[in-house]
Amino acid sequence: MFPDFYATAAQVLPVLLLALIWESRFLDRLAEQNRRPRRTDPDGVLFWTRPRVRAYSLFIVVTIMAGTALALLVLAGAVPPGPASRAVLTVCVLLALATLLTRVVVDVVAATRSPARALEPTAGPTETEVGPTSSAAPVTVEPQGR
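These numbers were taken from a predicted model, which means no experiment stands behind them.

**As for the overall build of the protein**
From N to C terminus, the protein includes five helices and zero strands. Along the protein, helices (α) and strands (β) appear in the sequence α-α-α-α-α when read from the amino end. In the protein, which comprises 146 residues, the proportion classed as buried is 24%. Look at the contacts in the protein between residues 6 or more apart in sequence, and 62% of them connect residues 24 or more apart. On the protein, roughly 11,000 Å² of surface is accessible, and the fraction owed to carbon and sulfur atoms is 65%.

Shown next as C-alpha coordinates:
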(Lines give C-alpha, C1' and ligand atoms only; values in the text may rest on other atoms or scores of the structure.)
Protein backbone atom coordinates (compact mmCIF):
# COMPACT_ATOMS: atom_id res chain seq x y z
CA MET A 1 0.00 0.00 0.00
CA PHE A 2 2.95 2.37 0.63
CA PRO A 3 5.67 1.22 -1.80
CA ASP A 4 6.18 4.73 -3.16
CA PHE A 5 6.68 6.07 0.36
CA TYR A 6 9.60 3.74 1.04
CA ALA A 7 11.15 4.28 -2.39
CA THR A 8 10.86 8.03 -2.02
CA ALA A 9 12.36 7.96 1.48
CA ALA A 10 15.25 5.80 0.23
CA GLN A 11 15.98 8.43 -2.46
CA VAL A 12 15.31 11.61 -0.49
CA LEU A 13 17.23 10.86 2.70
CA PRO A 14 20.68 10.55 1.05
CA VAL A 15 20.06 13.78 -0.87
CA LEU A 16 19.17 15.53 2.39
CA LEU A 17 22.33 14.12 3.95
CA LEU A 18 24.41 15.58 1.14
CA ALA A 19 22.65 18.93 1.45
CA LEU A 20 23.20 19.06 5.19
CA ILE A 21 26.80 17.96 5.48
CA TRP A 22 28.73 18.48 2.28
CA GLU A 23 26.97 21.30 0.47
CA SER A 24 27.36 25.00 1.25
CA ARG A 25 30.82 24.48 2.76
CA PHE A 26 29.29 23.54 6.12
CA LEU A 27 32.35 21.67 7.37
CA ASP A 28 34.77 24.34 6.11
CA ARG A 29 32.82 27.13 7.79
CA LEU A 30 32.50 25.11 10.96
CA ALA A 31 36.26 24.59 11.14
CA GLU A 32 36.87 28.33 10.71
CA GLN A 33 34.28 29.56 13.21
CA ASN A 34 34.89 30.56 16.80
CA ARG A 35 32.71 28.16 18.76
CA ARG A 36 33.85 28.92 22.31
CA PRO A 37 31.08 29.45 24.88
CA ARG A 38 30.19 33.01 25.83
CA ARG A 39 31.13 32.43 29.45
CA THR A 40 34.79 32.17 28.33
CA ASP A 41 34.67 34.40 25.25
CA PRO A 42 32.37 37.44 24.87
CA ASP A 43 32.23 36.84 21.10
CA GLY A 44 31.46 33.13 21.56
CA VAL A 45 28.25 31.20 21.08
CA LEU A 46 25.40 30.68 23.52
CA PHE A 47 24.68 27.00 22.92
CA TRP A 48 26.19 25.52 19.74
CA THR A 49 29.75 24.86 20.89
CA ARG A 50 31.98 22.50 18.88
CA PRO A 51 31.15 19.40 20.97
CA ARG A 52 27.41 20.06 20.64
CA VAL A 53 27.62 20.72 16.89
CA ARG A 54 29.70 17.55 16.52
CA ALA A 55 27.22 15.46 18.51
CA TYR A 56 24.15 16.84 16.72
CA SER A 57 25.72 16.54 13.26
CA LEU A 58 26.74 12.93 13.90
CA PHE A 59 23.29 12.20 15.33
CA ILE A 60 21.65 13.58 12.17
CA VAL A 61 24.01 11.59 9.94
CA VAL A 62 23.33 8.34 11.83
CA THR A 63 19.58 9.02 11.83
CA ILE A 64 19.46 9.67 8.09
CA MET A 65 21.60 6.64 7.30
CA ALA A 66 19.48 4.40 9.57
CA GLY A 67 16.32 5.70 7.89
CA THR A 68 17.78 5.01 4.46
CA ALA A 69 18.76 1.50 5.56
CA LEU A 70 15.28 0.89 6.95
CA ALA A 71 13.64 2.04 3.71
CA LEU A 72 15.91 -0.23 1.67
CA LEU A 73 15.24 -3.18 3.98
CA VAL A 74 11.48 -2.68 3.60
CA LEU A 75 11.84 -2.45 -0.18
CA ALA A 76 13.95 -5.63 -0.17
CA GLY A 77 11.33 -7.46 1.88
CA ALA A 78 13.66 -8.05 4.86
CA VAL A 79 11.51 -5.87 7.15
CA PRO A 80 7.74 -5.95 6.87
CA PRO A 81 6.11 -2.62 6.01
CA GLY A 82 3.87 -1.26 8.70
CA PRO A 83 2.95 1.72 10.83
CA ALA A 84 6.15 1.52 12.92
CA SER A 85 8.48 1.64 9.91
CA ARG A 86 6.46 4.46 8.34
CA ALA A 87 6.59 6.43 11.60
CA VAL A 88 10.36 5.97 11.92
CA LEU A 89 10.93 7.05 8.31
CA THR A 90 8.59 10.01 8.69
CA VAL A 91 10.49 11.17 11.79
CA CYS A 92 13.83 10.76 9.95
CA VAL A 93 12.67 12.83 6.98
CA LEU A 94 11.04 15.52 9.15
CA LEU A 95 14.12 15.81 11.37
CA ALA A 96 16.39 16.16 8.33
CA LEU A 97 14.08 18.74 6.75
CA ALA A 98 13.82 20.74 9.98
CA THR A 99 17.61 20.75 10.34
CA LEU A 100 18.03 21.81 6.72
CA LEU A 101 15.43 24.57 7.12
CA THR A 102 17.20 25.86 10.23
CA ARG A 103 20.56 25.89 8.47
CA VAL A 104 19.12 27.69 5.44
CA VAL A 105 17.47 30.35 7.60
CA VAL A 106 20.65 30.91 9.63
CA ASP A 107 22.79 31.12 6.47
CA VAL A 108 20.41 33.51 4.71
CA VAL A 109 20.15 35.78 7.76
CA ALA A 110 23.94 35.81 8.19
CA ALA A 111 24.53 36.52 4.50
CA THR A 112 22.04 39.38 4.34
CA ARG A 113 22.74 40.99 7.71
CA SER A 114 23.76 44.62 7.56
CA PRO A 115 27.43 45.06 8.33
CA ALA A 116 28.29 46.51 11.71
CA ARG A 117 28.74 50.26 11.84
CA ALA A 118 32.48 49.95 12.44
CA LEU A 119 32.83 47.63 9.47
CA GLU A 120 31.09 49.91 6.98
CA PRO A 121 33.35 50.87 4.09
CA THR A 122 34.64 54.40 4.23
CA ALA A 123 35.22 56.71 1.31
CA GLY A 124 38.43 55.99 -0.60
CA PRO A 125 41.50 58.18 -0.21
CA THR A 126 41.50 61.46 -2.03
CA GLU A 127 44.28 62.69 -4.28
CA THR A 128 45.61 65.04 -1.60
CA GLU A 129 46.03 62.19 0.89
CA VAL A 130 48.16 59.83 -1.23
CA GLY A 131 49.00 61.74 -4.36
CA PRO A 132 47.63 61.25 -7.84
CA THR A 133 45.68 58.03 -8.28
CA SER A 134 45.83 57.90 -12.06
CA SER A 135 49.58 57.35 -12.40
CA ALA A 136 50.85 54.00 -13.57
CA ALA A 137 53.59 53.86 -10.93
CA PRO A 138 52.56 52.57 -7.50
CA VAL A 139 52.48 55.04 -4.67
CA THR A 140 55.26 54.40 -2.13
CA VAL A 141 54.88 55.62 1.41
CA GLU A 142 58.13 56.05 3.32
CA PRO A 143 58.00 55.42 7.06
CA GLN A 144 58.65 58.55 9.06
CA GLY A 145 61.21 58.47 11.84
CA ARG A 146 60.32 59.27 15.42
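**A closer look at the layout of surface pockets**
By volume, the largest pocket amounts to about 770 Å³. Breaking the lining of the largest pocket down by element, the ones donating at least two residues are helix 1 (3-21), helix 2 (26-32), helix 3 (50-76) and helix 4 (83-112). Of all the elements, helix 4 adds the most residues to the lining of the largest pocket, at seven residues. Partitioned by chemical class, the residues of the lining of the largest pocket number 14 nonpolar, six polar and six charged. Looking at the second largest pocket, its volume works out to about 160 Å³. Within the residue set of the lining of the second largest pocket, elements represented by two or more residues are helix 2 and helix 3.

**Section: the environment of P37**
Turning to its location among the elements, P37 is positioned in the loop between helix 2 and helix 3. Residues P37 and W48, spaced 11 residues apart in sequence, show a C-alpha to C-alpha distance of 8.1 Å.

**Points about helix 3**
The end-to-end C-alpha separation of helix 3 is 38 Å, in line with the 39 Å expected for 27 residues at 1.5 Å each. Buried within helix 3 are the following residues: V53, S57, I60, V61, T63, I64, G67, T68, L70, A71 and V74. Residue G77 follows helix 3 closely and has a positive phi angle near 85°.

**Observations concerning helix 4**
Taking 1.5 Å per residue as the helical rise, helix 4 with its 30 residues ought to reach 44 Å, and the 43 Å between its terminal C-alpha atoms agrees with that figure. Burial in helix 4 covers these residues: S85, L89, C92, V93, A96, T99 and R103.

**Re the nonpolar core**
Grouped together as the largest cluster of nonpolar side chains are 18 residues, with contacts concentrated most on L13, L20, I64 and L89. Where this core is concerned, the elements lending two or more residues are helix 1, helix 3 and helix 4. Looking at this core, the element that brings in the most residues is helix 1, giving eight residues. Setting aside its immediate chain neighbours within four residues, L13 contacts I64, G67, T68, L89, C92 and V93.

**Focus on the pattern of salt bridges**
Throughout the structure, instances matching the rule amount to two salt bridges. With a closest N to O distance of 3.1 Å, D107 and R29 form a salt bridge. A residue pair is termed long-range when its members are at least 10 positions apart, and D107 in helix 4 and R29 in helix 2 qualify at 78 residues. Overall, the relative accessible area of 23% leaves R29 in the partly exposed class. D41 is the salt-bridge partner of R36, the closest N and O atoms lying 3.0 Å from each other. On the basis of relative accessibility, which here comes to 49%, the residue R36 falls in the partly exposed class.

Cut-offs and rules
Residues numbered from 1 in each chain as written. Predicted model: local features only at pLDDT ≥ 70, side-chain atom pairs only at ≥ 80, totals over all residues. Heavy atoms only, no water. Helix = DSSP H or I, 4+ residues; strand = E, 2+ residues; numbered from the N terminus. Buried < 20%, exposed > 50% of the residue type's maximum accessible area, 1.4 Å probe, protein only. Contact = heavy atoms within 4.5 Å. Areas by Shrake-Rupley, 256 points an atom, 1.4 Å probe, with all protein chains shown as cover. 1 Å grid on protein atoms, 1.4 Å probe; cavity = no way out; pocket = protein on both sides within 12 Å on 5 of 7 lines; lining within 4 Å. Points joined across faces, edges and corners; volume = space filled by probe spheres on them. Nonpolar A, V, L, I, M, F, W, Y, C, P; charged D, E, K, R; others polar. Expected span 1.5 Å × (residues − 1). Core = buried A, V, L, I, M, F, W, Y, C linked by side-chain atoms within 4.5 Å. Salt bridge = Lys/Arg side-chain N within 4 Å of Asp/Glu carboxyl O.

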